[in-house]
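The chain contents come next:
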Amino acid sequence: MATVHINHAARATERRPGSPPAGPQRPALEFTPALAREMEPLYQRVKHVVTPMEWVQYAPLVKEINELKAQRNAVILAHNYMTPEIFHCVGDFRGDSLQLAREAARVEADVIVQAGVHFMAETSKLMNPDKTVLIPDLEAGCSLASSITGADVRMLREAYPGVPIVTYVNTSADVKAESDICCTSSNAVKVVESLGVPRVLLIPDEFLAKWVATQTKVEIIAWKGHCEVHERFTPEELLAFRAADPGTKIIAHPECPPEVIEVADFTGSTAAMIDWVKGKRPRKVLLVTECSMSSNVAAEVPDVEFVRPCNLCPHMKRISLEKIRDSLLYLQHEVTVDPMIAERARRAVERMVNLTN
Ligand code: 13P
Ligand code: SF4
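Parameters and conventions
- Residues numbered from 1 in each chain as written.
- Chains lettered and ligands numbered in written order.
- Predicted model: local features only at pLDDT ≥ 70, side-chain atom pairs only at ≥ 80, totals over all residues.
- Heavy atoms only, no water.
- Helix = DSSP H or I, 4+ residues; strand = E, 2+ residues; numbered from the N terminus.
- Buried < 20%, exposed > 50% of the residue type's maximum accessible area, 1.4 Å probe, protein only.
- Contact = heavy atoms within 4.5 Å.
- Salt bridge = Lys/Arg side-chain N within 4 Å of Asp/Glu carboxyl O.
- 1 Å grid on protein atoms, 1.4 Å probe; cavity = no way out; pocket = protein on both sides within 12 Å on 5 of 7 lines; lining within 4 Å.
- Points joined across faces, edges and corners; volume = space filled by probe spheres on them.
- Nonpolar A, V, L, I, M, F, W, Y, C, P; charged D, E, K, R; others polar.

Colleague: I tried to follow the overall build of the protein chain on my own but got confused; where do I start?
Modeller: What the protein chain contains, in helices and strands, is 16 helices and 12 strands. Over its C-alpha atoms, taken along the principal directions, the protein chain stretches across nearly 65 × 55 × 35 Å. Within the protein chain, buried positions represent 57% of all 357 residues. Counting only contacts in the protein chain whose residues sit at least 6 apart along the sequence, the fraction spanning at least 24 positions is 63%.

Given below as structure tokens:
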């Protein structure tokens, strides 16, 4: 196989001005036969979804990241939307937003690298105020998180006095601090019903709120936020896949529009979607969610065929092996939360975690 030379010295000089000084200097790694042999067990995990040519580029970085994790006493929390070489080969804890929030509360390492988006890293920081929490790319945001501010939530509280505010974890710490309790798509119904009231505000995802309203007698008041990935799916495109092969199962995330959820065979969080596929083993399935998740599940269930209208989250896709390596090497980019905000935001996350533990 070809030899790939990773030139760290060149990378180090390309760092943005103002980024932290270089950490430990390391020799560049090459894809040698010895490295290929050493990394073979990890390649076995992704061989159905990563080509040998791609592995030539990934393997040296995977090795380097796993060594840096040991040196830094670090762990990587990887969301289900990470690409397979990240998810399966360097992620220490993998899962949906709820699973990652729970893991964040239990982490014993000194450093947490969030292979996900900024609100997830903030949640990890809230649960670990004394640890170093890093995000490999500070620009990894979320259209839902940017759809609402703390001031908006204060305005809602005035407009609906006495109505509890449930906030999706896909929000900034500022927004969480203004809310009574958080939820994820895994536990939204349970959280809403735990409050024992006839009416709640469930913000900011309008479609998640509408889906929860179909699952409970509690009246749900929504906000107009949308996920830019899930809002793009249409029932027409999904029905065309099913028409081409009527055995195709359609599994949707609750951030999808109601008319998409209506044509789905099952709706649930990313973790629930994965459990459904692993449990039911359909011949052919269409996961109506971010595209990389299909690859991650396909790596584990090669007997299932995945059809994909491939919608990628531009924020999740900012996270790469190179950036994770640099994050560990230079301890960048540290995520911090104002302690005044953090205390109140932590309470909302902890109420959720305690409820669903
Ligand atoms: P879950 O992993 O909690 O289902 O959330 C999906 C999502 O869009 C996260 O950004
Ligand atoms: Fe936000 Fe949607 Fe991307 Fe998740 S997939 S991070 S909800 S924009």
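Colleague: Would you take a moment to explain the pattern of salt bridges for this structure?
Modeller: Side-chain pairs of opposite charge can arise where the charged atoms are in close proximity. If you walk through the whole model with that rule in mind, you get 21 salt bridges. Measuring nitrogen to oxygen at the nearest pair gives 3.1 Å for the salt bridge that ties D303 to R281. With D303 in the loop between α14 (291–298) and β12 (305–306) and R281 in the loop between α13 (270–280) and β11 (284–288), the pair connects residues that are 22 residues apart, well separated along the chain. Residue R281 is classed as partly exposed on the basis of its relative accessible area of 41%. Here the salt bridges do not stand alone but share partners, grouping D245, R283, K284 and E305 into one network.

Colleague: Can you walk me through empty space enclosed by the protein in this structure?
Modeller: If a probe the size of a water molecule is rolled over the atoms, the empty space left behind becomes visible. One pass over the structure, following the stated rule, counts three cavities of 30 Å³ or more. Of the voids in this model, the largest cavity is the one considered here, and its volume is about 240 Å³. Broken down by class, the residue content of the lining of the largest cavity amounts to 11 nonpolar, 13 polar and three charged. The space that makes up the second largest cavity amounts to roughly 70 Å³. Around the second largest cavity, the lining residues are S97, L100, A101, Q114, F119, M120, T123, S124 and V169. When contributions to the lining of the second largest cavity are tallied by element, the ones reaching two or more residues are α5 (97–106) and α6 (118–127).

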